[in-house]
Amino acid sequence: MSSASSASSDAAFSERYFRKGLGLRQEVRGQVASEYRSDWAQAFRDSGHTLGFQRADGASTTFQLAREWGFCYGVERSVDYAYETLHRFPDRRIVLTGEIIHNPRVNNRLRDLGIRFLGDEDVPDESAITAEDVVLLPAFGVATAQFDALKQSGAILVDTTCGSVLNVWKNVERYARDGLTSLVHGKANHEETRATVSRAGLYPDAHSLVVLDMDEARLVVDYILGRGDRAAFLERFAPPKSSPGFDPDLHLERIGVANQTTMLSSESLAIARAVGEALQQRYGDADQPSRFRSFDTICSATQDRQDALAELIRQPLDVLLVIGGYNSSNTGHLAEMADGVVPAYHITGPECLVDAARILHKPIHQKDEVQTVGWLKTDGDLRVGLTAGASTPDVMVGAVLERLLELRGHAEPYQPGV
Ligand code: SF4
């Protein structure tokens, strides 16, 4: 393509590529608020995050909500853009490339409003997208190959990729450009991490490796220090945990560490430290700055929620409810932080509080929901901690509060005031 025709095709693309919304925020504000907001959220804010309720027999139920919880700036923006898109293009097919965020309520609601999801029968993959469609890219972003295919389709693209994710991409691209392997602390199959490692692939000969946790990082450290087994390493870190052609004997000499934005920040920092120290031990101090780099790319919203929960679980609590989708990475890490400190349950919403005896929840490091019996104390006073992941709407927190008051035998209307 000549540079003139390439410039005109870029100009044409920019007219159908929206990265900063559609200028309709005011128009959709009322609908978004009515579907996802809860008056209880405001009540918590007004009361300094604590609401107490008294029962007829004098027993109290006190809820202590984490200082930071629920929808983050990136999710709010993404959901707003989805509603703006519906408002602006009522007659077009609108297709999401996958879950917009990891919350079933939000995804189901968008489907009810007519949004299609890639993988549906009428849009099995990108090849079914046409220039008549509008495609929504989620807050996690999409991999470069998928973006290119969508760009080629001629569809209108509404990109809701969070700015904090773009920041991770910037760091990974810099590593790749400078010849460092990107070592990403994240979940190899998570949309965000798939998109992040694809950025390293923009540079020929650049590589990436994904480690899930400190245990996997130790395998990398061992390999750097000459204690690893090549075959076992390659098996453990087979794609998508590593880039095609990754060779641990060649591609662990210069490393840049980044992380999925929603990981446990203490673990991310420990992994970066361990890898940096291993490279220093193996190669000495001399060229350490060019051999090792690290950027903490945990987003501030994730960090704030983790800090707020750390503060919350220092207080005496009988039980903690962590509310969010089971596939929500940041919600899972909140549950992990509370493990062993306070009886904690990761639930998706009020439907998990089956009755005063039974609760459905996802234990940490397990995939499936389980039922636990005897979770709720019904006699005497109770102190309940509450938090919610960055993709959990306010309305879920309000609904969980009301369900728990019902199970504890409080009479409606529920009036705080203890
Ligand atoms: S969790 Fe962080 S990176 Fe993800 S959407 Fe929210 S603000 Fe953005």
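Predicted model, so just to flag it, every value in this text is computed and none were measured. Within any chain, residue numbers begin from 1 and follow the written order of that chain's sequence. Under the rules for a predicted model, residues below a pLDDT of 70 receive no local features and side-chain atom pairs below 80 are neither given nor counted, while totals for whole chains, interfaces and linings still include all residues. Hydrogens are left out, water is left out, and the side-chain values use all remaining heavy atoms of the structure.

**Q** What exactly am I supposed to notice about the overall build of the protein chain here?
**A** A count of helices and strands for the protein chain gives 15 helices and 16 strands. The globule rule used here is 2.2 Å times the number of residues to the 0.38 power, and the radius of gyration it is set against is calculated over C-alpha atoms. Taking 418 residues into account, the globule formula puts the C-alpha radius of gyration at 22 Å, and the protein chain, at 24 Å, falls close to it. For the C-alpha atoms alone, the extent of the protein chain along its principal axes is close to 75 × 60 × 35 Å. Relative accessibility decides the category of a residue: with a 1.4 Å probe and only protein chains considered, values under 20% of the type maximum give buried, values over 50% give exposed, and everything between is partly exposed. Each of the 418 residues in the protein chain was classed as buried or not, and the buried ones make up 53%. Considering only intrachain contacts with a sequence separation of at least 6, the fraction spanning at least 24 residues in the protein chain is 72%. Counting every atom, the protein chain has about 18400 Å² of accessible surface; 48% of that belongs to carbon and sulfur. We treat Lys and Arg as the positive residues and Asp and Glu as the negative residues; His and chain ends play no part in the count. Lysine's charge is taken at NZ, arginine's at CZ, aspartate's at CG and glutamate's at CD. Counting 43 positive and 58 negative side-chain charges, the protein chain places the averaged centre of each group 3 Å from the other. The helix and strand labels rest on DSSP assignments: H or I over at least four residues marks a helix, E over at least two residues marks a strand, and numbering proceeds from the N terminus. Whether two residues are in contact is decided by their heavy atoms: any pair within 4.5 Å suffices. Method for areas: the Shrake-Rupley scheme with a 1.4 Å probe, in which residue coverage is limited to the protein chains shown.

**Q** Is there a simple way to think about the sheet that holds strand E9 (residues 208-211) in this case?
**A** Hydrogen bonds between backbone groups are what pair the strands of a sheet, and the pairing can be parallel or antiparallel. For two strands to be treated as a pair, DSSP must find at least two bridges joining them. Spatial strand order, E9-E8-E10-E11: 4 strands in an open sheet with parallel pairing. Two strands in the sheet have a free side with no partner beyond their single neighbour: E9 and strand E11 (292-294). Along the sheet, successive strands turn relative to each other by an average axial angle of 20°, direction set aside. Summarising the sheet, strand E10 (residues 255-259) and E11 pair through 3 bridges and their orientation is parallel. The residue of E11 that forms the bridge with Val 257 is Ser 294. Across the sheet, helix H7 (residues 163-177) is in contact with strand E8 (181-185), E10 and E11; its angle to E10 comes to roughly 170°. Across the sheet, helix H9 (residues 214-224) is in contact with E8, E9 and E10; its angle to E9 comes to roughly 135°. Structural elements are reduced to axes, namely lines fitted to C-alpha atoms, with helices fitted over the stretch in contact, and the angle between N-to-C directions of any two is expressed from 0 to 180 degrees.

**Q** So what exactly am I meant to see when it comes to unusual backbone geometry here?
**A** Backbone phi values are negative for most residues with the exception of glycine, while trans is the configuration of most peptide bonds. Cis geometry marks the peptide bond from Pro 239 to Pro 240, where omega comes out at 15°. With respect to the helices and strands, Pro 240 occurs in the loop between helix H10 (230-236) and E10. Across the junction of Glu 412 and Pro 413, the peptide omega takes the value -5°, indicating a cis bond. One can find Pro 413 in the segment after helix H15 (394-407). Positive phi, normally seen in glycine, also occurs at His 49, with a value near 75°. Within the secondary structure, His 49 sits in the loop between helix H3 (39-46) and strand E2 (50-54). The phi dihedral of His 365 is positive, around 60°, even though this residue is not glycine. With respect to the helices and strands, His 365 occurs in the loop between strand E14 (358-361) and strand E15 (370-373).

**Q** Is there a simple way to explain the side chain of Glu 35 in this structure?
**A** With respect to the secondary-structure elements, Glu 35 resides in helix H2 (residues 25-36). Here Glu 35 falls in the buried class, since its relative accessible area comes to 13%. In contact with Glu 35, other than residues within four places in its own chain, are Tyr 83, Arg 105, Arg 109, Leu 113 and Val 395.

**Q** Would you explain the packing of H2 against helix H5 (residues 104-112) in this entry?
**A** To describe two helices that pack against each other, one gives the angle between their axes and the distance between the axes. Look at H2 against H5: their axes get within 12 Å of each other, and the N-to-C directions meet at 130°. By the criterion of interaxial angle, the relationship of H2 to H5 is oblique. Viewed along their axes, H2 and H5 form a crossing whose handedness is right-handed. Packed against H2, whose contacting residues are Gln 31, Glu 35 and Tyr 36, the element H5 presents Arg 105, Val 106 and Arg 109 at the interface. Roughly parallel means an angle under 35 degrees; roughly antiparallel, over 145; roughly perpendicular, 65 to 115; everything else is oblique. Crossings are classed by handedness, with left-handed meaning an anticlockwise turn of the near helix from the far one by less than a right angle and right-handed meaning a clockwise turn.

**Q** Teacher, can you tell me more about the site of the ligand here?
**A** Around the ligand lies a shell formed by Cys 72, Tyr 73, Gly 74, Val 75, Cys 162, Ser 164, Val 165, Thr 261, Thr 262, Cys 299, Ala 301 and Thr 302. At 3 residues, helix H4 (residues 73-88) tops the list of elements feeding residues into the shell around the ligand. Ten residues, namely Ala, Val, Leu, Ile, Met, Phe, Trp, Tyr, Cys and Pro, are considered nonpolar, four, namely Asp, Glu, Lys and Arg, are considered charged, and the remaining ones, Gly among them, are considered polar. A breakdown of the residues in the shell around the ligand according to their chemical character gives 7 nonpolar, 5 polar and no charged. Nearness of a residue to a molecule or strand requires only that one of the residue's heavy atoms be within 4 Å of it.

**Q** What is the right way to read the domain arrangement of the protein chain from this model?
**A** Many descriptions give the size of an interface as the accessible area lost when the pieces come together. What fixes the domain bounds is an automatic or database domain assignment. Here the domain parsing of the protein chain yields domain 1 (37-71 + 301-407), domain 2 (73-160) and domain 3 (164-298). The centre of domain 1, based on its C-alpha atoms, is set 31 Å off from the matching centre of domain 2. On the side of domain 2, 11 residues touch domain 1, which itself brings 12 residues to the contact. Contact with domain 2 buries area across many residues of domain 1, yet Phe 71, Asn 327 and Ser 391 alone supply 49% of it, more than any other trio. Values labelled buried area give the accessible surface lost by two parts on being combined, using a 1.4 Å probe and summing over both.

**Q** Explain the packing of aromatic side chains to me, please; I cannot follow it from the model alone.
**A** Two aromatic rings are characterised by how far apart their centres lie and by the angle between their planes. Here a pair means two rings of Phe, Tyr or Trp (six-membered ring of Trp) with centres within 6.5 Å. Their orientation is stacked below 30 degrees between planes, edge-to-face above 60, and tilted elsewhere. Enumeration over the complete set of coordinates arrives at 12 aromatic pairs. Geometrically, the ring pair formed by Tyr 36 and Tyr 83 is edge-to-face, given 6.0 Å between the ring centres and 85° between the ring planes. Remark: Tyr 83 occurs in helix H4 and Tyr 36 occurs in helix H2; sequence separation between them is 47 residues. According to the relative accessible area criterion, Tyr 83 is buried, its value standing at 1%. Ring centres of Tyr 345 and Trp 375 lie 6.2 Å apart, and the angle between their planes is 80°; this geometry places the pair in the edge-to-face category. Placement of Tyr 345 in strand E13 (residues 344-347) and of Trp 375 in the loop between E15 and strand E16 (382-388) is noted, with a sequence separation of 30 residues between them. The two residues Tyr 345 and Trp 375 agree in class, both being buried. In textbook terms, an aromatic cluster arises when at least three aromatic residues are bridged by ring pairs, as seen for Tyr 223, Phe 233, Phe 237 and Phe 246. Criterion for a charge above a ring: Arg CZ or Lys NZ at most 6 Å from the ring centre, at most 35 degrees from the ring normal. The ring of Phe 13 carries Lys 151 above its face, with NZ or CZ at 4.8 Å from the centroid.

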